[in-house]
Amino acid sequence: MEGDQMKRNYKFLTASVALSTVLVAGGCSDPEENSGDEASEGGDEIVETGEDGTANPQPNDSFGGIELSGDGEIPEGLETAEDPAFEEGDTVTINASHIAGMEGAEGTIVSAFDTNAYSVSYDRSDSSERVENYQWVIDEEIRGGSQEDPYAEGEEVEISTERIEGMYEATAVIEAVEEDATVYMVDFSLTESEDTALNYKWLIEKELSAN
């Protein structure tokens, strides 16, 4: 009798151990499955973050906050170009990459002016962030306006326009000079999105080609 009881106890114990093993194994597999789901969800979030990260169309990160479309206002003292290569209404192809989606875009000339144009670097007036080689600022957008000779490379000037947040009243260093340039205000649609830039300031003649 005692032998039968021991056999029954042994069978019950064996079954319990087997069931516990199954439950433990099942419990171990759940986190792996959940981990896979979380990784998948995390991947989606990364993609979404990437899309958000490319919403700002500047190839140069320091250009953040740039206004795609301008107000169309002409700086005081800026003279209309007498004999521009491209006239108002002409269709052109843009060969510059000031912003992502600009290069290769088809544009329409809004207006053309004769002046000196500069590539400048400066610290934003609203932060310590540095903007490198911004193109283009013209004589009439520099505090003090036009002068007899163009500003020279390495010279410090104060900017009097606000096309990027923190540009206005920033002290800038002249990096490059385009002397006696024709600058253009241009409308165009970005190649990488459906966004349109209106009255974009400025593109110089060598950054444009006829269609």
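For every chain, the first residue of the written sequence is number 1, and numbering continues from 1 onward in sequence order. Residue-level local features of this predicted model are given only where pLDDT is at least 70; pairs of side-chain atoms are given and counted only at 80 or more, and the full residue set underlies all totals for whole chains, interfaces and linings. With hydrogens and water set aside, each side-chain value is computed from the structure's full complement of heavy atoms.

1. Details of the confidence of the model for the protein
For the record, the criterion: pLDDT is defined as a per-residue confidence score from the predictor, taking values between 0 and 100. Secondary structure follows DSSP: runs of H or I at least 4 residues long count as helices, runs of E at least 2 residues long count as strands, and numbering of each begins at the N terminus. Residue contacts are counted whenever heavy atoms from the two residues lie within 4.5 Å of one another.
Averaged over every residue, the pLDDT of the protein is 76; residues scoring 70 or more account for 66%. Taking the mean pLDDT of every element in the protein, the minimum, 37, falls on helix α1 (residues 2-53) and the maximum, 98, on strand β2 (residues 91-94). Considering only residues more than four positions removed or in separate chains, one finds that residues 1-64, a stretch of pLDDT under 50, has 32 contacts.

2. Considerations on the pairing of strand β4 (residues 130-138)
Defined as follows: Here the rule is simple: two strands pair whenever DSSP picks up at least two bridges between them.
Two elements, strand β3 (residues 106-123) and β4, share six bridges in a ladder whose sense is antiparallel. Within β4, the residue paired with Val-120 across the bridge is Tyr-134. Between β3 and β4, which pair antiparallel one after the other, the connecting turn spans six residues.

3. Describing the pattern of salt bridges
The following threshold applies: Whenever a carboxyl oxygen of Asp or Glu lies within 4 Å of a side-chain nitrogen of Lys or Arg, that contact is scored as a salt bridge. We call a residue buried when its accessible area falls under 20% of the maximum for its residue type, exposed when it is over 50%, and partly exposed in between, using a 1.4 Å probe and counting protein chains only.
Here the structure, examined in full by the defined rule, presents seven salt bridges. Close ionic contact of Arg-143 with Glu-158 constitutes a salt bridge, the shortest N to O distance being 3.5 Å. With Arg-143 in the loop between β4 and β5 (156-158) and Glu-158 in strand β5, this pair connects stretches of sequence that are 15 residues apart. On the accessibility criterion, Arg-143 (39% relative accessible area) is partly exposed. For Glu-169, the salt bridge identified is with Arg-143, shortest N-O distance 3.7 Å. One end of the pair, Glu-169, is in the loop between β5 and β6 (171-189); the other, Arg-143, is in the loop between β4 and β5, and 26 residues separate them in sequence. Taken together, the shared-partner salt bridges in this structure form one network comprising Asp-123, Arg-130 and Glu-132.

4. Things to note about the environment of Glu-156
Relative to the helices and strands, Glu-156 resides in strand β5. In this structure Glu-156 comes out as exposed when scored by relative accessible area, which is 57%. Along the backbone, Glu-156 and Tyr-122 are 34 residues apart, and their C-alpha atoms lie at a distance of 9.4 Å. In contact with Glu-156, not counting residues within four places along its chain, are Thr-171, Ala-172 and Val-173.

5. Description of the packing of aromatic side chains
Geometry of an aromatic ring pair is reported as the spacing of the ring centres plus the angle between the planes. Note the following rule: Between 30 and 60 degrees the pair is tilted, below 30 it is stacked and above 60 it is edge-to-face, where a pair is any two Phe, Tyr or Trp rings, Trp via its six-membered ring, whose centres lie within 6.5 Å.
All chains considered together, the criterion is met by four aromatic pairs. Relative to Trp-202, the ring of Phe-113 has its centre 5.8 Å away and its plane inclined at 80°; by these criteria the two rings are edge-to-face. Remark: Trp-202 occurs in strand β7 (residues 196-204) and Phe-113 occurs in strand β3; sequence separation between them is 89 residues. Overall, Phe-113 belongs to the buried group, its relative accessible area being 5%. Residue Trp-202 is classed as buried on the basis of its relative accessible area of 0%. A ring pair is formed by Tyr-118 and Tyr-151, whose centres lie 5.7 Å apart and whose planes are at 70°; its orientation type is edge-to-face. Here Tyr-118 is found in strand β3, whereas its partner Tyr-151 is found in the loop between β4 and β5, with 33 residues between them in sequence.

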